[in-house]
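Inside the fold
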Amino acid sequence: MPSPIQRISDIIRSEDDFLVVSHYNPDGDAIGSACAMGHILTHFGKQFTIYNPSGLPQRYDYVECPAPITTTLPDTLPKWTIVLDCGAKERMGDALLSRTDETTVINIDHHLGNGDYGTENWVAVDQPAVGSMMALLAQAMDVPIKGSLAQCIYLAVATDTGFFTYGSTTPESLELAAQMLRDGLNLSNINMRITKQWSEARMRLWTEVMNSVELYSDKQVAIGAISNEMFERTGTTSEDTETIINFINRLKSVRVSAILRQEGPDIYKFSLRSYGDDNVQEIATKFGGGGHKNASGGTIEAPLEEAKLMLVEIINGSLGIS
Ligand SMILES: [Mn+2]
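Residues numbered from 1 in each chain as written. Predicted model: local features only at pLDDT ≥ 70, side-chain atom pairs only at ≥ 80, totals over all residues.

Counting residues in each nonpolar core, the largest one holds 52 residues, and the members touching the most others are Val20, Ile82, Leu84, Met134 and Ile153. Considering every element that reaches this core, the biggest residue donor is helix α5 (residues 147-160), with 9 residues. When near neighbours in sequence (up to four residues on either side) are disregarded, methionine 134 contacts Ser33, Ala36, Met37, Ile40, Ile153 and Ala156. Ile248, Tyr268, Ile300 and Leu319 belong to the second-largest nonpolar core, a separate cluster that totals 27 residues. (Core = buried A, V, L, I, M, F, W, Y, C linked by C-beta atoms within 7 Å. Buried ≥ 20, exposed ≤ 12 C-beta atoms within 10 Å, placed from the backbone. Helix = DSSP H or I, 4+ residues; strand = E, 2+ residues; numbered from the N terminus. Contact = placed C-beta atoms within 7 Å.)

Turning to the sheet that holds strand β8 (residues 221-226), a few remarks are in order. Here 6 strands make up an open sheet; going across it, the order is β7-β8-β9-β10-β12-β11 and the pairing mixed. Two strands in the sheet have a free side with no partner beyond their single neighbour: β7 (214-216) and β11 (290-291). In this structure, β7 lies alongside β8, joined through 3 bridges in antiparallel fashion. Among the inter-strand pairings, leucine 215 is bridged to a residue of β8, identified as alanine 222. Packed on one face of the sheet, helix α12 (residues 304-319) meets β7, β8, β9 (256-264), β10 (267-273) and β12 (295-301) and runs near 150 degrees to β9. (Pairing = 2+ DSSP bridges. Axes fitted to C-alpha atoms, helices over the stretch in contact; angles between N-to-C directions.)

On to the domain arrangement of the protein, then. What the domain assignment lists for the protein is domain 1 (4-195) and domain 2 (203-319). The C-alpha-based centres of domain 1 and domain 2 are spaced at 30 Å. (Domains from an automatic or database assignment.)

It is worth spelling out unusual backbone geometry at this point. A positive phi angle, close to 65 degrees, is found at aspartate 85, a residue other than glycine. Following the sequence through the fold, aspartate 85 ends up in the loop between β4 (80-84) and α3 (94-97). Using a count of 27 C-beta atoms within 10 Å as the deciding quantity, one classes aspartate 85 as buried. A positive phi angle, close to 60 degrees, is found at aspartate 142, a residue other than glycine. Among the secondary structure elements, aspartate 142 is positioned in the loop between α4 (130-140) and α5. What makes aspartate 142 exposed here is the crowd of 8 C-beta atoms within 10 Å.

Here it is, written out as structure tokens:
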């Protein structure tokens, strides 16, 4: 039986008209891999539409997309729909999910527990990004990884690996970056484009969140909190809180860091970060949440101070802190 990458290569070569989709609230991997797929399809002269229910966030406005990213589905879906970076099928959005019987889903992803919901499935949990899978596909199909395609793949892989710092970073992903650099990728320019995206409002919010951080358990646990009032006052949204927890987790004494973000009057979404053997997935599971060993999240229904103490108690128990 041919490998998934061979089967998908064959479909791309022999078929035409594709819908390319990535998850709503797209991150760098979702945008980068969708546009990379578009560039590969363009290379073979194929017709395609790139769709995302949330559209292209402004912070990716520099990305050289091979086609506009549409937020509306065509009346008639193409025969093939390529779904990228959607760890669960719900991530493609309700509008498309309710119509998947009108098309054939090719599911390309790197999340654990994907569930193989496609007709064709290429799920590679050892890949750091779907962007690196797009590089493998391009290589398999003899598409040169240069120019706009390299830019999209770099965006995807760099953002999903925290600029090649997370444990998910592979030797192959570093070699891919090296090869793209050799082939003309302007590394300082693309990194500037990816990171130099802050609004003043976001900086004001971050200042408040950093100030909110409290330390518990002999400074081994750090918890910051974000209220709806803070969003309103600074003119920000939950999108502006992305990655802030990684900075709180830089505190040297801290083993587990947490952010509580208000969702309703007494409802808080929490994120947890840790390092090495400290397992925060277990902690999130106790609140009905989930995630990975060093990055997890969930929801707590309680007033803020109570929610913090509930978290600290479970974290202490789980880490053996008395
Ligand atoms: Mn991803």
